[in-house]
Amino acid sequence: MLLWAALMLTGIVSVASLGPPQYVGDGRSRQIARVNNTKKLLCPVQGDPFPFIEWKKDGESINELWANHKVMKDGSLRIKEIEVENAGKYVCKATNGFGSISVNYTLVVVDEEKDVVSVDGTEVYAKSHEEDLTKEGASPRFTNPDKMKKQKIIRPVNSSLRLRCKATGNPRPQITWMKDEHNLYHGDLGRRSSWTLRLPDLQQTDSGHYTCVVWNRLGSINFTYDIQVIDKMMSKPELLAPHPLNTTVNVGETASLQCKINSEMQPHIQWLKRVDDPKFMSNNTIVISKQPFIILKSSEIGSGSDGAYLNKFVIHHVTEADGGMYICLAANTMGFSWRSAHLIVRSKHHENHYSYTIDRSNLNLPLVIGVPGGILLLVLIIAFLFFQRRRRTQYHQGAIVNGPHFNRVPTQDPEPYLGSVHSSEVKTNIHVNPIHGAQHKNLYAGIPSPHHMLSSRDKLSKNSQSIDFYTDISSVSQSHHNPHHHMQQYSYNGQ
């Protein structure tokens, strides 16, 4: 049983280790060899089962027919009596039943006698101590292109100027300076002075186009400066609005202030911070507009596409002590100008409180809008009901005061029913005020007949005592003798 268990465990471990080939090299893909020497290229792979190794050069398989190339038992490739033609791209491909992997090499061959180098086996170039053969070749490029945007530069007479064209490449580039297409200076970047062209004690005759040409065997680049030397400055620098801008940041963040200056020549730019606490006064403090300011470290001056000068002041990992007023000051021989901005630094506590307030406001937004709207709607409904009720009240009062209007009744009529009106059994509150001599048409329209009136009286007297009619004859007689009655007035007063 123990033997069987050991065999099973061994089998499990073996199965667990099975897999495609794996790379175990150091990553150096560029190899250097010298003519007439021997070079061994390793194939740093491993796998279980052990992979089959195949070598290729520039896409062509290497076999036993290759005179000075041999694949060794460990999978490496040995090259004897190396020639320049042996330079090129080599590939080691390892394959087993689980997959495959390839390892690429570039073999660079150096001929010390002829002082030449070959990378591809077909072309050679002069060997240079400025080239690192262990690294791939690269054409020149400017290391600080953002600092070379200012193509036009104006300087006053007797000033100095330095023009920079810093570049890199493999091989390390060489540089040539020209003025108005004529060679001015030649050198290589191995000497520090060649990075910069120095022009001291400028005169107006120094104005012109200065071009740097940087090249190596893989290419070249160039850049041109337009230099103007003027006799006298005409105006002081002008700081262009709206920069610098007021800025708000949280503690620990990065703050950035920028100013933009228009000037005939590159001005001196300095950032200052107002001293709010006298205990921070130092030797680096100056007074501007009766306020103390501390001088801050300046950064390099850049240039924009519109010809203006740019300068940026950056504070990393801002603290609360960094808050305050900052000014950007630009000066030249004609004077100086400045603009200010405030940096507000919020603490973590303030930031959290602010975020909570914003979230809470968003949460209650429907409530804030809905409550006033509901109150306004309720007020409108109450007002509408109030005016409706008031209108109905006025309508009923008008009906009571004016009463229903009846057709006119003649003051003298031979009809027998008037006699019944004077009867003590019939009482009414109908007041009739006619005018003598009036002509009436259909005076009885709408008035019930005497029989109907009597029958109604009988019914009312029997069924209900809530309504009592009485005829005020005196009012009728008074109306006959009242000369001021020019209109017929009839009224019905319900009591």
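About the criteria used
Every residue gets a number counted from 1 within its own chain, in the order that chain's sequence is written. Under the rules for a predicted model, residues below a pLDDT of 70 receive no local features and side-chain atom pairs below 80 are neither given nor counted, while totals for whole chains, interfaces and linings still include all residues. Note that water and hydrogens are dropped before the side-chain values are worked out from all heavy atoms of the structure. Strands are runs of DSSP state E lasting at least two residues, helices are runs of H or I lasting at least four, and both sets are numbered from the N terminus onward. Buried means the residue's accessible area, taken with a 1.4 Å probe over protein chains only, is under 20% of the maximum for its type, while exposed means over 50%, and partly exposed covers the values in between. Any pair of residues with heavy atoms lying within 4.5 Å of one another is described as a contacting pair. Computed with a 1.4 Å probe, the accessible areas rest on the Shrake-Rupley method; for each residue, only the protein chains presented here act as cover. Nonpolar cores are built from buried Ala, Val, Leu, Ile, Met, Phe, Trp, Tyr and Cys residues. Side-chain atoms within 4.5 Å join them into one set. Two cysteine sulfurs form what is called a disulfide whenever their separation falls within 2.5 Å. If DSSP finds at least two bridges between two strands, the strands pair. Fitted lines through C-alpha atoms give the axes, limited to the stretch in contact for helices. The angle between two N-to-C directions lies from 0 to 180 degrees. Any pair of Phe, Tyr and Trp rings, taking the six-membered ring for Trp, is counted once the centres come within 6.5 Å. Such a pair is stacked with planes under 30 degrees apart, edge-to-face with planes over 60 apart, and tilted for the rest. Either the NZ atom of lysine or the CZ atom of arginine qualifies as a charge over a ring when it sits within 6 Å of the ring centre and within 35 degrees of the ring normal. A residue counts toward a patch only above 30% relative accessible area and without a salt bridge, and it is joined to like-charged neighbours within 9 Å or, for Val, Leu, Ile, Met, Phe, Trp and Tyr, to nonpolar neighbours within 5 Å. By definition, a salt bridge exists where a carboxyl oxygen of Asp or Glu is found within 4 Å of a side-chain nitrogen of Lys or Arg.

Quick word on the overall build of the protein chain
- From N to C terminus, the protein chain includes six helices and 33 strands.
- Here the protein chain holds 495 residues, and 30% of them are scored as buried.
- Contacts spanning at least 24 positions in sequence make up 66% of the contacts within the protein chain whose residues lie at least 6 apart.
- When the accessible surface of the protein chain is summed, it comes to about 32,800 Å², and 55% of that surface belongs to carbon and sulfur atoms.

Digging into the nonpolar core
- I53, W55, L77, I79 and Y90 are the most contacted members of the largest nonpolar core, which totals 20 residues.
- For this core, the secondary-structure elements that each account for two or more residues are β5 (52-57), β8 (77-79), β9 (88-96) and β10 (99-111).
- In this structure, L77 is in contact with K39, K40, L41, W55, I62, H69, K70, V71 and Y90, ignoring residues within four places of it in sequence.
- Ranked by size, the runner-up nonpolar core spans 19 residues in total, among them F142, I153, I175 and W177.

Let's talk about the state of the cysteines
- All told, the structure shown has three disulfides when counted by the stated rule.
- One disulfide in the model links C43 with C92; its S-S distance is 1.6 Å. Judged by the torsion about the S-S bond (-70°), the C43/C92 disulfide is left-handed. A residue pair is termed long-range when its members are at least 10 positions apart, and C43 in the loop between β3 (39-41) and β4 (45-48) and C92 in strand β9 qualify at 49 residues.
- Among the residues examined, C43 registers a relative accessible area of 8% and is labelled buried.

What about the sheet that holds strand β25 (residues 268-274)?
- If you trace the six strands from one edge of the open sheet to the other, you get β23-β31-β30-β25-β27-β26, paired in mixed fashion. The open sheet has two edge strands, β23 (247-250) and β26 (285-288), and neither has a second partner. Averaged over neighbouring strand pairs, the angle between their axes works out to 35° when direction is ignored.
- With nine bridges joining them, strand β30 (residues 324-332) and strand β31 (residues 335-346) adopt antiparallel strand pairing.

Quick look at the packing of aromatic side chains
- For the coordinates displayed, the defined rule picks out five aromatic pairs.
- Aromatic pair F313 and Y326: ring centres 5.9 Å apart, planes at 40°, arrangement tilted. Here the residue F313 occupies a position in strand β29 (residues 309-315), and Y326 occupies one in strand β30, the gap between them amounting to 13 residues.
- Relative accessible area serves as the criterion here: at 2%, Y326 is assigned to the buried category.
- By the ring-pair criterion, three or more aromatic residues cluster together here, those being W271, F313 and Y326.
- A cation over an aromatic ring shows up here: R217 above the ring of Y125, its NZ or CZ 3.7 Å from the ring centre.

Quick notes on a nonpolar patch on the surface
- Taken together, the side chains of L377, I381, F384 and L385 make up a nonpolar region of the molecular surface, amounting to roughly 420 Å² of accessible area.
- Relative to the helices and strands, I381 resides in helix α3 (residues 365-402).
- A relative accessible area of 41% places I381 in the partly exposed class.

Quick word on the pairing of β9
- In this structure, β5 lies alongside β9, joined through six bridges in antiparallel fashion. Across the sheet, K57 pairs through a bridge with Y90, a residue of β9.
- Note: β9 against β10, nine bridges, orientation antiparallel. For C92, the partnering residue across the bridge sits in β10 and is V103.
- In sequence, β9 turns back onto β10 through a hairpin of two residues.

Comments concerning the pattern of salt bridges
- On inspection of all chains with the given rule, the structure shows eight salt bridges.
- A salt bridge links K127 to E112; the nearest nitrogen and oxygen atoms lie 3.2 Å apart. With a gap of 15 residues between them, K127 in the loop between β12 (124-126) and β13 (138-142) and E112 in the loop between β10 and β11 (116-118) connect regions that are remote in the sequence.
- A relative accessible area of 40% places E112 in the partly exposed class.
- E131 is the partner of R217 in a salt bridge, and the nearest nitrogen-oxygen pair spans 2.9 Å. Within this pair, whereas R217 is found in the loop between β20 (208-216) and β21 (219-230), its partner E131 is found in the loop between β12 and β13, the two being separated by 86 residues in sequence.
- When its relative accessible area of 39% is taken as the criterion, R217 is described as partly exposed.
- Assessed through its relative accessible area of 9%, E131 is described here as buried.

Without other data, these values stay purely geometric and don't point to any function.
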